[in-house]
Amino acid sequence: MKSKIGILGGTFDPPHHAHLIIANEARIKLGLEKVIFLPNAVPPHKQKSSLTSNAARLKMIELAIADNSFFEVDDREMHRSGKSYTYDTMIEMTKEFPNAAFSFIIGGDMVEYLPKWYHINELIKLVSFVGVNRPHYSKDSPYNIETIRVPAMDISSSMLRERLENGLPIDYYVPSQVSKYIKEHHLYE
């Protein structure tokens with residue numbers, strides 16, 4: 001019997017409560033043993049210059065998931081040069097964990113983008129994709145994607161960065177330890 005492991009990838013810039021709820025709902029609904037947060041260094045669809053440092057993003061994820069024994073973080077993509085491709089990472093992870101069945105959790109925004117993913121036809125043989133509902137996005141895909149419903153939360157990292165840039169608080173949008181870290185290190189100002 002393969003162990004069921006969920007993977008939630010993203011920039012997590014910053015990580016927020018919607019990320020945590022998505023990961024937890026996927027874990028419960030899919031019977032996952034754990035969910036691995038997989039922060040990427042340079043996602044193929046974004047520009048690196050807009051990202052907070054890898055060290056700061058990693059620390060914020062660690063703070064956000066610290067109280068959940070079912071969550072862990074894997075920072076391998078942060079150490080890879082060039083763009084972070086899920087295909088490359090999953091080749092590595094399936095070799096490292098041959099007895100694992102991976103569920104790659106994606107939001108509605110990524111469900112729409114899936115046909116453009118690097119080596120998508122090979123990637124779908126390595127992982128099962130799990131799409132979560134996200135406001136304003138379609139769940140339609142040419143690929144076989146299991147969908148799960150999570151409470152609708154219209155929270156995004158870009159919205160939080162914009163609030164911070166405008167001097168607005170983000171209390172209650174992120175775990176208190178993440179908010180404290182952001183304030184102490186003057187991130188996104």
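Worth saying up front: this structure is predicted, and the values here are computed from it rather than measured.

Caption draft 1: The sheet that holds strand E2 (residues 34-39), seen in detail. Read across the sheet, six strands follow the order E3-E2-E1-E4-E5-E6 without closing on themselves; strand pairing throughout is parallel. The strands lining the two open edges of the sheet, one partner per strand, are strand E3 (71-73) and strand E6 (145-148). Recorded for the sheet is a direction-independent mean angle of 30° between the axes of neighbouring strands. For strand E1 (residues 3-10) and E2, the ladder comprises six bridges, and the chain directions are parallel. By the bridge assignment, Gly-9 is partnered in E2 with Leu-38. The sheet strands contacting helix H2 (residues 54-65) are E1, E2 and E3, and the helix crosses E3 at an angle near 170°. Most of the contacts of helix H3 (residues 86-96) go to strand E4 (residues 100-107), to which it runs at about 155°, and overall it touches E1, E2 and E4.

Caption draft 2: Geometry of helix H6 (residues 157-165). When we look at burial in H6, the residues that qualify are Ser-157, Leu-160 and Leu-164. Summarising the axial view, the buried residues of H6 lie within an arc of 60°, below the 170-degree limit, and thus occupy one face. Across H6 from its buried face, at more than 90 degrees, point the exposed residues Glu-162 and Glu-165. Where the residues of H6 are buried, they touch helix H1 (17-30) and helix H7 (176-184).

Caption draft 3: How the structure looks around the packing of aromatic side chains. Scanning the model with the defined rule gives eight aromatic pairs in all. Ring geometry for Phe-104 against Phe-129: centres 5.9 Å apart, planes inclined by 65°, an arrangement best described as edge-to-face. Taken together, the positions of Phe-104 in strand E4 and Phe-129 in strand E5 (residues 128-132) put the pair 25 residues apart, joining distant regions of the chain. For the ring pair Trp-117 and Phe-129, a centre distance of 5.4 Å and an interplane angle of 80° mean the geometry is edge-to-face. Highlighted residues: Trp-117 in the loop between helix H4 (108-113) and helix H5 (120-126) and Phe-129 in strand E5, separated in sequence by twelve residues.

Caption draft 4: Structural view of the pattern of salt bridges. The tally for this structure, following the rule as stated, stands at seven salt bridges. Glu-25 is paired through a salt bridge with Lys-29; the nearest N and O atoms lie 3.2 Å apart. Of this pair, Glu-25 and Lys-29 both sit in helix H1, four residues apart, which is roughly one turn of the helix. Classification of Glu-25 by relative accessible area gives partly exposed; the value is 21%. Ionic pairing is found between Glu-92 and Arg-76, a salt bridge with its closest N-O pair at 3.0 Å. Taken as a pair, Glu-92 in helix H3 and Arg-76 in the loop between E3 and H3 lie far apart in primary sequence, 16 residues in all.

Conventions and cut-offs
- Residues numbered from 1 in each chain as written.
- Predicted model: local features only at pLDDT ≥ 70, side-chain atom pairs only at ≥ 80, totals over all residues.
- Heavy atoms only, no water.
- Pairing = 2+ DSSP bridges.
- Helix = DSSP H or I, 4+ residues; strand = E, 2+ residues; numbered from the N terminus.
- Axes fitted to C-alpha atoms, helices over the stretch in contact; angles between N-to-C directions.
- Contact = heavy atoms within 4.5 Å.
- Buried < 20%, exposed > 50% of the residue type's maximum accessible area, 1.4 Å probe, protein only.
- Arc of directions from axis to C-beta.
- Phe/Tyr/Trp six-rings, centres within 6.5 Å; stacked < 30°, edge-to-face > 60°.
- Salt bridge = Lys/Arg side-chain N within 4 Å of Asp/Glu carboxyl O.

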